[in-house]
Amino acid sequence: MIVDEILVLKEIKYKENDKILHALSKTRGKIQLLSKGCKKNNSHLINASQLFAYSKCSMVKSKDMYIITSAELIDSFYNLKNNIDAFFYGNYILELINYVAQENECDYRIFDMTVAVLSWFSVTTKDFEKLTAAYELKLISMLGYKPNLKRCLSCGKEIKSDSEFSIKEGGLFCHKCVNYGRGINVSYGEILTMERILKSKLENIGSVEVNTKLLQLIRNFLFYYIGKNDFTTLKLLKI
Ligand SMILES: [Zn+2]
């Protein structure tokens, strides 16, 4: 018997009463689970087998899938469904992590952060863009592509003023070295904001000012390194 915490990223109808769930697990990376009979009204698995459900599951392994034997719901982030912004941004987070997460490759920090951002979305009525950007920047850093914001990538001088941010090189170039790293002009304030996001917990992001340019820069940075930019849920957010 295996026990793990899981977050449901996708549900697929299977047979009459079952579902196959794609989930992020805390210690096993992305997994697929068979939830037997969960579509019956009296099923003890009904709540844990919904999109966004965060639960503690007991399961057994069968070939390349897990079969849920029991589940204890920790949070369903119910309020996500009452706020259209929260719902769309929440769906984007699921789509993003579903793409990024790999089987048998786990990082509990990514799991905890994903649960934390959904938890914030379900209690707040604002800051969705900012929280999402913070999630994106922290995520790409946890995946090993943390941008170098301290020193010029070319001469090594400490960055203390406006610079050039190169997505491709993953960091900054000072004014003297600007020809080596063609990128996007960023003010020193914007650089400090990115540092602050990386150091702050999600619950403290509300006090950080993040402008539209920075939101876009962070997203472009993430998309460049994960190699995907056509998330279905983002198209819905642009309407
Ligand atoms: Zn330099």
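Every value quoted in this text rests on a predicted model; they were computed, and no experiment measured them.

(A) Inspection of the environment of N179 at higher detail. Inspection of the secondary structure assignment puts N179 in the loop between β8 (171–173) and β9 (184–186). Each C-alpha atom, one on N179 and one on S154, is 10.0 Å from the other, the two residues being 25 residues apart in sequence.

(B) Quick look at the coordination of the zinc ion. Around the zinc ion, the protein contributes the donor atoms C152 (SG), C155 (SG), C174 (SG) and C177 (SG), which lie 2.3 to 2.4 Å from the metal centre. Taken together, the 4 donor atoms surrounding the zinc ion define angles of 105 to 116° at the centre, an arrangement classified as tetrahedral. In terms of primary sequence, the donors binding the zinc ion are separated according to C-x2-C-x18-C-x2-C. With C155 in the loop between β6 (148–152) and β7 (163–166) and C174 in the loop between β8 and β9, the pair connects residues that are 19 residues apart, well separated along the chain. The exposure class assigned to C155 is partly exposed, which follows from its relative accessible area of 43%. What makes C174 buried here is its relative accessible area of 7%.

(C) Examining the environment of M65 more closely. Relative to the elements of secondary structure, M65 occurs in strand β5 (residues 65–75). Take M65: its relative accessible area is 18%, and that puts it in the buried class. For M65 and I20, which are 45 residues apart along the polypeptide, the C-alpha to C-alpha distance reads 9.2 Å. Excluding residues within four positions of it along the chain, M65 makes contact with I20, Q32, L33, L34 and V60.

Conventions we followed
For every chain, the first residue of its written sequence is number 1, and the numbers climb from 1 along that sequence. Reporting in this predicted model follows two pLDDT cut-offs: at least 70 for local features of residues, and 80 or more for side-chain atom pairs to be given and counted; totals over whole chains, interfaces and linings ignore these cut-offs and use all residues. Excluding hydrogens and water, the side-chain figures rest on all heavy atoms present in the structure. Every helix listed is a DSSP run of H or I at least four residues long, and every strand listed is a run of E at least two residues long, numbered separately from the N terminus. Metal donors: N, O and S atoms at distances within 2.8 Å, or within 3.2 Å for Na, K and Ca, with water omitted from the atom set so that some sites may seem incomplete. In this scheme the shape depends on donor count and angles: four donors with every angle between 85 and 135 degrees give tetrahedral, four or six donors with opposite pairs above 155 degrees and others between 65 and 115 give square planar or octahedral in turn, and any other case is irregular. Exposure classes here rest on a 1.4 Å probe applied to the protein chains alone. A residue is buried below 20% of its type maximum, exposed above 50%, and partly exposed in between. Whether two residues are in contact is decided by their heavy atoms, any of which lying within 4.5 Å being enough.

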